[in-house]
Amino acid sequence: MHIVRRRARLDDIPFLLTPRCQTMDQHLAASGLSASEADHRVRIMYRFDCADVLLRGAAPVGLLKLLRDGTQWQLIQIQLSPDLQGQGVGSQLLASTIAEATAAVATLSLSVLKTNPAKALLYAANYGNAEPCSPGRA
């Protein structure tokens, strides 16, 4: 499946809110956290300057936030529409991001909620030492 990236724009926020709520609410609840729509908007806007919308054809299907800061990069967020989850898209995206960081001779870090099922993806990519996400950092 071919996914392309383009810079996120403010008019993408309504789209970005939908998959975020669909996918994160259950993970936040499992971690003992809750999130209102306003909380989700705050997280969407966090480091929006380094956000790319993921597109399949012309249709938006997700979000990638990658902070490239010299040789210290941080993978802030990968968000995929529920219909794309479990199809290898996240694995491909993570692999291309790791390859991009490696080519830039950068260290790539990330954090994840302890209850997020994407942890299996991280372990498969040898990110088994990913830092657990602190409350409120979903």
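Reading the values: rules and limits
- Residues numbered from 1 in each chain as written.
- Predicted model: local features only at pLDDT ≥ 70, side-chain atom pairs only at ≥ 80, totals over all residues.
- Heavy atoms only, no water.
- Pairing = 2+ DSSP bridges.
- Helix = DSSP H or I, 4+ residues; strand = E, 2+ residues; numbered from the N terminus.
- Salt bridge = Lys/Arg side-chain N within 4 Å of Asp/Glu carboxyl O.
- Buried < 20%, exposed > 50% of the residue type's maximum accessible area, 1.4 Å probe, protein only.

S.K.: Which parts of the structure should I look at to understand the pairing of strand β3 (residues 59-69)?
M.R.: Pairing of strand β2 (residues 51-56) with β3, which is carried by six bridges, proceeds in the antiparallel orientation. Bridged to Ala51 within β3 is Lys65. Counting the residues in the hairpin turn of β2 and β3 gives two residues, including Gly57, whose phi is positive at 65°. Note: β3 against strand β4 (residues 72-80), eight bridges, orientation antiparallel. Paired with Arg68 across the strands is Trp73, a residue of β4. Between β3 and β4, which follow one another and run antiparallel, lie two residues, and Gly70 among them has a positive phi close to 60°.

S.K.: Would you mind going over the pattern of salt bridges with me for this structure?
M.R.: Two side chains of opposite charge can pair, provided their charged atoms sit close to one another. Enumeration over the complete set of coordinates arrives at eight salt bridges. Glu37 is the partner of Arg41 in a salt bridge, and the nearest nitrogen-oxygen pair spans 3.2 Å. Taken together, the residues Arg41 and Glu37, both in helix α2 (residues 37-45) and four residues apart, mark about one turn of the helix. Since its relative accessible area comes to 35%, Arg41 is described here as partly exposed. Residue Glu37 is classed as partly exposed on the basis of its relative accessible area, which comes to 47%. Salt bridges sharing partners connect three or more residues here, namely Arg5, Arg68 and Glu100.

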